[in-house]
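Survey of secondary and tertiary structure
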Amino acid sequence: MSLVSIGNVLIDREVLQAEFACDLQQCRGSCCVEGELGAPLAPGEAAQLEAAPGELIRLLPERNARYLRRHGAVEVYRGTQYTRTIEGRECVYTFMRDGITLCAVEEAFRCGLTDFDKPVSCRLFPVRVRRKFGLDHLVYEQHQMCRSARKLGGERRTRLVDYITKALETAYGTVWVSSLKAFVDSSPKS
């Protein structure tokens, strides 16, 4: 696996070469349901979720709101904070609309009910931030549930780095993203 370094961030070349565009009509929001843990939380995100306003909680199904009140918004595994999941499945902040699992945190943000969006790890997905040599290391996780997103990204010629640009800007800033895109644009196509 080949790595590149942009500033203080290591990136697998797969992240730079992949094409991706989420296709909710096909995947049905399964990334909010599958897995054993919720979304990894950046510093400060746990506090925002713990103090989530009632307007956000009212978007949740009663089962999720009750679970959230009983167990809290955050769980810790091996020293890392994650969004709470219900019985090791769906994120506690999920709700269904037209058979698609959606994020109440994102919905509240879009509607102006909160001043914070869903966790940056959710916005970066399918890219995950790991640590390597003391630096952030961006890794592309190619899940089966995202097969339709890879296909749609290929059809639209949407680069993964373009698809997650706003999340990358949140995590690393616009100057860093400009450097990343300049590198990708100048790299030979494989």
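In this numbering scheme, every chain counts its residues from 1 along its sequence in written order. Residues qualify for local features only when their pLDDT is at least 70, as the model is predicted, and side-chain atom pairs are given and counted only at 80 or more; totals for whole chains, interfaces and linings, by contrast, use all residues. Side-chain calculation: all heavy atoms of the structure are included, whereas hydrogens and water are not.

Now for the side chain of E141. Along the chain, E141 falls in the loop between β8 (135-140) and α8 (147-156). In protein, a polar contact requires one atom able to donate a hydrogen and another able to accept it; more generally it is a pair of N or O atoms within 3.5 Å, and residues adjacent in sequence count only if both atoms are side-chain atoms. Polar side-chain contacts of E141 include one of 2.2 Å to the side chain of R130. A polar atom in the side chain of E141 sits 2.9 Å from the side chain of H143. Apart from the residues lying within four places of it in its own chain, the contact partners of E141 are F125, P126, R128 and R130. Labels follow the DSSP assignment, with helices taken as runs of H or I lasting at least four residues and strands as runs of E lasting at least two, numbered in each case from the N terminus. Whether two residues touch is decided by their heavy atoms; if any such pair falls within 4.5 Å, the residues are in contact.

This paragraph deals with the pairing of strand β7 (residues 127-132). Sheet analysis places β7 next to β8, joined by six bridges and oriented antiparallel. Within β8, the residue paired with V127 across the bridge is Y140. A pair of strands is considered paired only if DSSP assigns at least 2 bridges between the two. Connecting β7 to the next strand, β8, in antiparallel fashion are two residues, including F133 with a positive phi near 55°.

This part covers the nonpolar core. In this text, buried Ala, Val, Leu, Ile, Met, Phe, Trp, Tyr and Cys residues form a nonpolar core when linked through side-chain atoms within 4.5 Å. Burial here depends on accessible area, computed with a 1.4 Å probe over protein chains only, as a share of the maximum for the residue type. Under 20% is buried, over 50% is exposed, and the range in between is partly exposed. Counting 27 residues, the largest nonpolar core has I11, L138, L160, L168, W176 and L180 as the members making the most contacts within it. Of all elements in the fold, only β1 (3-6), β2 (9-12), α1 (13-17), α7 (120-124), β8, α9 (160-163), α10 (165-172) and α11 (174-186) reach the threshold of two or more residues within this core. With four residues, the top contributor of residues to this core is α11. When sequence neighbours within four positions are dropped, the list of residues in contact with I11 reads S2, L3, V4, I6, L16, H137, L138, W176 and L180. Core analysis: the next-biggest nonpolar cluster, separate from the first, contains 24 residues, A73, F95, V105 and A108 among them.

Moving on to the sheet that holds β7. With mixed pairing, four strands are arranged side by side in an open sheet as β1-β2-β8-β7. In this open sheet, the two edge strands, each paired with only one partner strand, are β1 and β7. Sheet twist, expressed as the average angle between the axes of neighbouring strands with direction ignored, equals 30°. In terms of strand pairing, β2 meets β8 through three bridges, oriented parallel. Residue V9 lies in a different strand from β8, and its bridge partner there is D136. Note on geometry: axes are lines fitted to C-alpha atoms, helical ones only across the stretch in contact, with angles between N-to-C directions running from 0 to 180 degrees.

Here the focus is the packing of α10 against α11. Contact geometry of α10 with α11 gives a least axis separation of 7 Å together with a crossing angle of 125°. In terms of axis orientation, α10 runs oblique to α11. From α10, T165, L168, E169 and Y172 reach across to α11, where they touch T174, W176, V177, L180 and K181. Residues are sorted three ways: Asp, Glu, Lys and Arg are charged, Ala, Val, Leu, Ile, Met, Phe, Trp, Tyr, Cys and Pro are nonpolar, and all the rest, Gly among them, are polar. Class assignment of the residues belonging to the contact of α10 with α11 gives a composition of five nonpolar, two polar and two charged. Orientation labels follow simple angle bins: below 35 degrees gives roughly parallel, above 145 gives roughly antiparallel, 65 to 115 gives roughly perpendicular, and whatever is left gives oblique.

The values reported here are purely geometric and, on their own, carry no functional implication.
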